[in-house]
Amino acid sequence: MKKPDSNVMEKIISLCKRRGFIFPGSEIYGGLANSWDYGPLGVELKNNIKQLWWKRFVHQRDDMAGIDAALIMNPKVWEASGHLKEFSDPLVECKKCKRRFRADHIEGNSCPDCGGELGQPRQFNLMLKTFLGPAEEKANEVYFRPETAQAMFVDFKNVLETNRKKLPFGIAQVGKAFRNEVTPGNFIFRMREFEQMEIEYFIKEENWQEAFEHWKKEMWGWMTESLGLDKKNIHEFEVPDGERAHYSKRTIDFEYEYPFGRKELYGLAYRADFDLKNHFKEAPYQDIEAGEILYPHVIEPSFGVDRSVLALLCDAYHEESERVVLKLKPALAPYKVAVFPLLKNKPELVAKAREVYDEVKKEFTAAWDDRGNIGKRYYAQDEIGTPYCVTFDFDSIKKHDVTVRDRDTAKQERVKIKELKNFLNEKLS
Ligand code: ATP
């Protein structure tokens, strides 16, 4: 296991703030416990992840359908799913400094902060409550969803009937989830408001092991091919009996080596027929050929969006002798290209460079920069992971070409302006 390195984490958090990836939420009012806002670059990175995920798991498969359900659902959903009763963490309070911790995160019997004696653990429900309608009374109590999953079960029949799907098939959703976490912390690793990308994959019971293996492979493919994470930083953890969520018969956690230690990135769970049985009085699926009516079983690959962002930032962050580089895969980089005029105070150069920029941005997310010198602009683009920088100089006017500089190798080459889009397309694909 890699040694935790809080120094690297601080540098990543500072880069995120400085360059506009992620800011503390409500900062001018002193912040709000562990809420974070994605800035102009962060939202691009996050959107790229979500779009890539949707493309891979929904658009490129015939056995998947997407939904986008309401965040607040009828409270009966949470009663049926077991969340009202079971979705809790054990909380302990230090008798001396009064700080609270998750009992299952503490080794030993004393406060990790002041060494004081800890009280008895008590269960603390993680659901975030609010009221629907003007009266703050019990009958109007509702909850923000603690996971996106339940909507896929509740909408199961609607999707089935409108989409003519047959087992095995999946329903996918990307959206916000809310948990009143006892101890948030570690930047965007544990938040009270976060995003998930989840799949509920419906199967016949006898096929669960095969489907579980399929999704395990798919999750590895997503992490290493789509996100480009280094395999060495990812570990599978088979969650033992007694530690799994109340609905799960088998769970694998994919853990990532964050600078603050090895912790969960994603989860893969076999939920059996627990959910559909809870929500539907009668079996909701009919297999006409086999003449069966049944409750499908469920495999659930669950991906945190924010933890994807965090793992990507940690994986991509590189310090080289004179620069910091975010080696993001081009498909994920907030900007694919940056365009510069060599000098800011030469109107002819600036106007021509603008023409190149206007063309490029029709096809690629592009940045314009004319501040400072070229070296500083390269440095800034390296730090935000822009794969290519294009400079328009005096030779460009005569020769109709530009300098293209590669982020990872820092090598430069001349490319004809009329070839530029093809060149970039080839490099970025
Ligand atoms: P943990 O053990 O870290 O509390 P969990 O096992 O409760 O996580 P799941 O219920 O399996 O998490 O949620 C699925 C995924 O959602 C997680 O793998 C993670 O990527 C993400 N996730 C869960 N809780 C949070 C949170 N508080 N902040 C950010 N992402 C989260």
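Parameters and conventions
Residues numbered from 1 in each chain as written. Predicted model: local features only at pLDDT ≥ 70, side-chain atom pairs only at ≥ 80, totals over all residues. Heavy atoms only, no water. Salt bridge = Lys/Arg side-chain N within 4 Å of Asp/Glu carboxyl O. Helix = DSSP H or I, 4+ residues; strand = E, 2+ residues; numbered from the N terminus. Buried < 20%, exposed > 50% of the residue type's maximum accessible area, 1.4 Å probe, protein only. Near = heavy atom within 4 Å. Polar contact = N/O pair within 3.5 Å; in protein donor to acceptor, adjacent residues only side chain to side chain. Nonpolar A, V, L, I, M, F, W, Y, C, P; charged D, E, K, R; others polar. Contact = heavy atoms within 4.5 Å. Axes fitted to C-alpha atoms, helices over the stretch in contact; angles between N-to-C directions. Parallel < 35°, antiparallel > 145°, perpendicular 65-115°, else oblique. Left-handed = near helix turned anticlockwise from the far one by under 90°. Pairing = 2+ DSSP bridges.

1. Description of the pattern of salt bridges
- Tallied over the entire structure, the rule returns 45 salt bridges.
- We note a salt bridge from Glu117 to Lys95, for which the minimum N-O separation is 3.3 Å. A residue pair is termed long-range when its members are at least 10 positions apart, and Glu117 in the loop between strand E6 (100-102) and strand E7 (122-125) and Lys95 in the loop between strand E5 (88-93) and E6 qualify at 22 residues.
- Among the ionic pairs, Asp401 bridges to Arg414, the shortest N-O distance being 2.7 Å. With Asp401 in strand E23 (residues 401-406) and Arg414 in strand E24 (residues 412-416), this residue pair connects regions lying 13 residues apart in the sequence.
- Residue classification places Asp401 among the buried residues on the basis of a relative accessible area of 7%.
- Residue classification places Arg414 among the partly exposed positions, given a relative accessible area of 35%.
- When salt bridges with common partners are traced through the structure, they connect Glu213, Lys216, Glu236, Glu238 and Arg250 into a single cluster.

2. As for the site of the ligand
- In the neighbourhood of the ligand, 15 residues make up the surrounding shell, with Glu181, Arg190, Met191, Glu264 and Leu265 lying closest.
- With respect to the ligand, the side chain of Gln196 contributes an N or O atom lying 3.2 Å from an oxygen atom.
- At a separation of 3.1 Å, an oxygen atom of the ligand approaches a polar backbone atom of Gly304.
- Elements with a minimum of two residues in the shell around the ligand: strand E11 (193-203), strand E14 (261-272) and strand E17 (297-304).
- A total of 4 residues in the shell around the ligand trace back to one element, the largest contributor, which is E14.
- Looking at the shell around the ligand residue by residue, the class counts come to 5 nonpolar, 4 polar and 6 charged.

3. Brief notes about the side chain of Asp369
- Along the chain, the position of Asp369 falls in the loop between strand E21 (366-368) and helix H11 (374-384).
- Separated by 2.9 Å, the side chains of Asp369 and Arg371 make a polar contact.
- If near-sequence neighbours (up to four positions away) are discounted, Asp369 is found in contact with Val339, Phe340, Pro341, Arg377 and Gln381.

4. Things to note about the packing of helix H2 (residues 40-59) against helix H9 (residues 305-316)
- The interhelical angle for the contact between H2 and H9, taken along N-to-C directions, is 115°, at an axis separation of 10 Å. With respect to each other, H2 and H9 are oriented roughly perpendicular. Between H2 and H9 lies a crossing of right-handed hand. Of the residues in H9, those touching H2 at Leu45, Lys46, Ile49 and Lys50 are Val305, Asp306, Ser308, Val309, Leu312 and Leu313.
- The residue inventory of the contact of H2 with H9, partitioned by class, reads 6 nonpolar, 1 polar and 3 charged.

5. Some words on the sheet that holds strand E10 (residues 169-178)
- Read across the sheet, 7 strands follow the order E3-E10-E11-E17-E14-E13-E12 without closing on themselves; strand pairing throughout is mixed. Of all strands in the sheet, those with a lone pairing partner are strand E3 (64-67) and strand E12 (234-238), marking the two edges. Put simply, the sheet's adjacent strands are angled 25° from each other on average, direction ignored.
- Pairing geometry for strand E13 (residues 250-258) and E14, over 9 bridges, is antiparallel. Of the residues in E14, the one forming a bridge with Glu255 is Glu264.
- Contacts from helix H6 (residues 156-163) reach E3, E10 and E11, with the element oriented near 135° to E10.

Functional significance is not addressed by these values, which are geometric in nature.
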